[in-house]
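Here is what each chain is made of, one letter per residue.
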Amino acid sequence: MKTLALELGGERFEEALEGSGVPLGQLATPGRVLELSGVGAAARHSTAAALVRQAQQEGETTVWVQLAGGPLYPPDLAESGVDLDALAVVQVPEERGEVGLARAAELLLRSGAFGLCVVDLSAPPMCLEGQVAKDMSERPARPPRLRGEVWQARLAALARMHASRVVLLTRAASGRSSLGPMVGLRVEPRRVRRAPGVFAIRPEVVKHKGAPLLAMSALRRGPWGLA
């Protein structure tokens, strides 16, 4: 894995894995659906960016699917070593909701052109900008939410067919069940401050189809300005 030069106390050091266990990148194997979940000090997007970077280093094409105006911030991705020119970003209209995200991911995976597909399901519901409805009939419809597990089965089947990785970002707390049985690995990455601007990302394996696993922590620098 490519390391990044960090600076702490006037000294430069490289981003590194620490502790015992398996690097998360080795757990996110091709043909698998991975869920990155968590609330609060979760590091879903940082972990997903690291997986994108690894896939690019392996020569894979990568795509990120989110609702229009989502939290993806290209300068932070570039700082983390992601090649922005090699990352496709698909912005799904907000009114399409989670269903639109899943459909977009399915179309992308069917093409067989992407080795890693990140689908951000963690965005909060669409906000109404200053709109006050007079009655129920004037309220705009809520963006459709995903129901059932059929959509997961389709994504999982396409991931196996094309040896692709599917990474789903959710806001589920560790006490809640995963999206469904098609999720082969669910990880809750937690951010722990080590020094000003430097954090350890500790990925807790919440669900794994197989023997219990322990994922290694990674030391990373946060975005500039983050104390």
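Residues numbered from 1 in each chain as written. Predicted model: local features only at pLDDT ≥ 70, side-chain atom pairs only at ≥ 80, totals over all residues. Heavy atoms only, no water.

1. So, the overall build of the protein
Thinking step 1. The helix and strand inventory of the protein stands at five helices and 11 strands.
Thinking step 2. Classification of the 227 residues of the protein by burial places 44% in the buried group.
Thinking step 3. Here the analysis covers contacts within the protein between residues at least 6 apart in sequence; of these, 70% occur between residues at least 24 apart.
Thinking step 4. For the protein, the computed accessible surface area is about 12,000 Å², with 54% contributed by carbon and sulfur atoms. (Helix = DSSP H or I, 4+ residues; strand = E, 2+ residues; numbered from the N terminus. Buried < 20%, exposed > 50% of the residue type's maximum accessible area, 1.4 Å probe, protein only. Contact = heavy atoms within 4.5 Å. Areas by Shrake-Rupley, 256 points an atom, 1.4 Å probe, with all protein chains shown as cover.)

2. Quick notes on the pairing of strand β7 (residues 116–120)
Thinking step 1. When you tally the buried positions in β7, you get five out of five residues, the bulk of the element.
Thinking step 2. In β7, alternate side chains face the same way, and those of L116, V118 and D120 on one face and C117 and V119 on the other are all buried.
Thinking step 3. Pairing geometry for β7 and strand β8 (residues 165–169), over five bridges, is parallel. Bridge pairing links D120 to L169 in β8. (Pairing = 2+ DSSP bridges.)

3. Considerations on the packing of helix α4 (residues 97–110) against helix α5 (residues 150–162)
Thinking step 1. Interaxial distance between α4 and α5 falls to 10 Å at its minimum, and their mutual angle equals 20°. What the angle tells us is that α4 and α5 run roughly parallel. Here α4 runs over α5; the crossing is left-handed. On α5, the residues touching A102, A105, E106, L109 and R110 of α4 are W151, R154, L155, L158 and H162.
Thinking step 2. Among the residues making up the contact of α4 with α5, the classes are represented as six nonpolar, one polar and three charged. (Axes fitted to C-alpha atoms, helices over the stretch in contact; angles between N-to-C directions. Parallel < 35°, antiparallel > 145°, perpendicular 65-115°, else oblique. Left-handed = near helix turned anticlockwise from the far one by under 90°. Nonpolar A, V, L, I, M, F, W, Y, C, P; charged D, E, K, R; others polar.)

4. As for the side chain of S37
Thinking step 1. Mapped onto the fold, S37 is located in the loop between β4 (32–36) and α2 (44–57).
Thinking step 2. With residues up to four places along the chain from it excluded, the contact list for S37 reads A42, R44, T170, A172, R186, V187, E188 and P189.

5. With respect to α4
Thinking step 1. With 14 residues, α4 should reach 20 Å at 1.5 Å per residue; the first-to-last C-alpha distance of 20 Å fits that figure.
Thinking step 2. Counting buried residues along α4, 11 of its 14 residues qualify, which places the element largely inside the surrounding structure.
Thinking step 3. Inspection of α4 places G97, E98, V99, G100, L101, A102, A104, A105, E106, L108 and L109 among the buried residues, and these make up the whole buried set.
Thinking step 4. Next to the buried residues of α4 lie β5 (62–67), β6 (87–92), β7, α5 and β8. (Expected span 1.5 Å × (residues − 1).)

6. Observations regarding the confidence of the model for the protein
Thinking step 1. Across the protein, the average pLDDT comes to 80, with 74% of residues at 70 or higher.
Thinking step 2. Here residues 1–14 scores under 50 on pLDDT; set against residues more than four positions off or in separate chains, the count is 33 contacts.
Thinking step 3. Scored below 50 in pLDDT, residues 127–134 shows four contacts in the model against residues more than four places distant or in partner chains. (pLDDT = per-residue confidence, 0-100.)

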